[in-house]
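Inside the fold
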Amino acid sequence: MLRRLHGHEVLAASPNSGVNTITGEGVKEAVAGAQVVIDLANSPSFEDKVVLEFFETAGRNLLPAEAAAGVRHHVALSIVAIDRTDNGYFRAKLAQEKLIEGSGVPYTIIRATQFMEFLRGIADSSADGNTVKLPPILFQPIAADDVAAIVADVALAAPRGGIVEIAGPERAPFNEIVARYLKAVGDPRQVVSDPGAGYWGGRVEERSLVPLGEVRLGHIGLDEWLRRSQAKA
Ligand SMILES: NC(=O)c1ccc[n+]([C@@H]2O[C@H](COP(=O)([O-])OP(=O)(O)OC[C@H]3O[C@@H](n4cnc5c(N)ncnc54)[C@H](OP(=O)(O)O)[C@@H]3O)[C@@H](O)[C@H]2O)c1
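Quick summary incoming for the structure in this document.

Rules used in this analysis
- Residues numbered from 1 in each chain as written.
- Predicted model: local features only at pLDDT ≥ 70, side-chain atom pairs only at ≥ 80, totals over all residues.
- Heavy atoms only, no water.
- Helix = DSSP H or I, 4+ residues; strand = E, 2+ residues; numbered from the N terminus.
- Buried < 20%, exposed > 50% of the residue type's maximum accessible area, 1.4 Å probe, protein only.
- Near = heavy atom within 4 Å.
- Polar contact = N/O pair within 3.5 Å; in protein donor to acceptor, adjacent residues only side chain to side chain.
- Nonpolar A, V, L, I, M, F, W, Y, C, P; charged D, E, K, R; others polar.
- Axes fitted to C-alpha atoms, helices over the stretch in contact; angles between N-to-C directions.
- Parallel < 35°, antiparallel > 145°, perpendicular 65-115°, else oblique.
- Left-handed = near helix turned anticlockwise from the far one by under 90°.
- Contact = heavy atoms within 4.5 Å.

Relative to the assigned elements, alanine 148 resides in helix 5 (residues 144–156). Taking the relative accessible area as the measure of exposure, alanine 148 reaches 48% and is therefore partly exposed. Along the backbone, alanine 148 and asparagine 175 are 27 residues apart, and their C-alpha atoms lie at a distance of 26 Å.

Structure representation (structure tokens):
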């Protein structure tokens, strides 16, 4: 259903509303007449082969439909450091970016750091019983509200034909941030700093997950995000 937001007509499209970038269902109809398409879809599984197939199939269905419809700006949400850190999910995001770059549709790729909303998923994926093992590398998560505001802003600007990097306002050791999060939500699991622990199976070093160059920062720090999340609960 089309909604009017800040003077723009917006269609939120996903399988729940009959638009599926994997089967192609509803894609042509959804992009018809659109000036901008923002791709925020994610694979239901993070298993290496499945996630690669997800982003490649979605790109092959969505981008030609956009080109045919005369879409003037494709915006996609990607991840900081996917070309510096190796794991199956990051390889799939790189494949998504390559398809966008070769599509002929004017584009901007927004590479974000990990969302604060993903901290629980990270803790779960690094947990062994009551212990969460994380490397003491730098981490700079961003709140989804900040991501949404920046994505909307970028979508309304001219296509960059390149990458914009975004991150949260605070940079701190990975293990410390996840420990602060677990304590705040009353999760009894203990975080252990383990220099040998990777990230989703890939080797990481001090600056493997943080932006190295120009970066646009969000405003919501971890404490503020925790306050907001607890107020919503
Ligand atoms: N999470 C992070 O920390 C992070 C960091 C940087 C970048 N990103 C990127 O940001 C994007 C969104 O991530 P997220 O964590 O917000 O994902 P998410 O919460 O899992 O949301 C995924 C969305 O994708 C939609 N979707 C799933 N299958 C689809 C399909 N076949 N066709 C169309 N839409 C489909 C879902 O639709 P329904 O609602 O209908 O199920 C849902 O709205 C991803 O591209 C991810 O790589 C994430």
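Once you've had a look at it, read on.
Even without a glycine there, the phi angle at histidine 6 is positive, about 50 degrees. Of note, histidine 6 is situated in the loop between strand 1 (2–5) and strand 2 (8–11). We classify histidine 6 as exposed; its relative accessible area is 81%. Notably, tryptophan 200 is not glycine yet its phi reads approximately 50 degrees, a positive angle. Structurally, tryptophan 200 is set in the loop between strand 11 (190–193) and strand 12 (216–217).

Near the ligand you find 21 residues, and of these Ser14, Asn20, Tyr89, Lys93 and Phe115 are the closest. Asparagine 20 has a polar side-chain atom sitting 2.9 Å from a nitrogen atom of the ligand. Within the side chain of lysine 93, one N or O atom sits 2.7 Å away from an oxygen atom of the ligand. At the level of secondary structure, the elements contributing two or more residues to the shell around the ligand comprise strand 4 (73–79) and helix 3 (88–101). Of the residues belonging to the shell around the ligand, the class tally is 12 nonpolar, 8 polar and 1 charged.

A few words now on the packing of helix 2 (residues 48–69) against helix 3. At a minimum axis distance of 8 Å, the contact between helix 2 and helix 3 shows a crossing angle of 15 degrees. In terms of orientation, helix 2 and helix 3 fall into the roughly parallel class. Two packed elements cross with a definite hand, and for helix 2 against helix 3 that hand is right-handed. Along the contact surface, helix 2 presents Asp48, Val51, Leu52, Phe55, Glu56, Gly59, Arg60 and Leu63, while helix 3 presents Gly88, Tyr89, Arg91, Ala92, Lys93, Ala95, Gln96, Leu99 and Ile100. Grouping the amino acids of the contact of helix 2 with helix 3 by side-chain chemistry returns 9 nonpolar, 3 polar and 5 charged.

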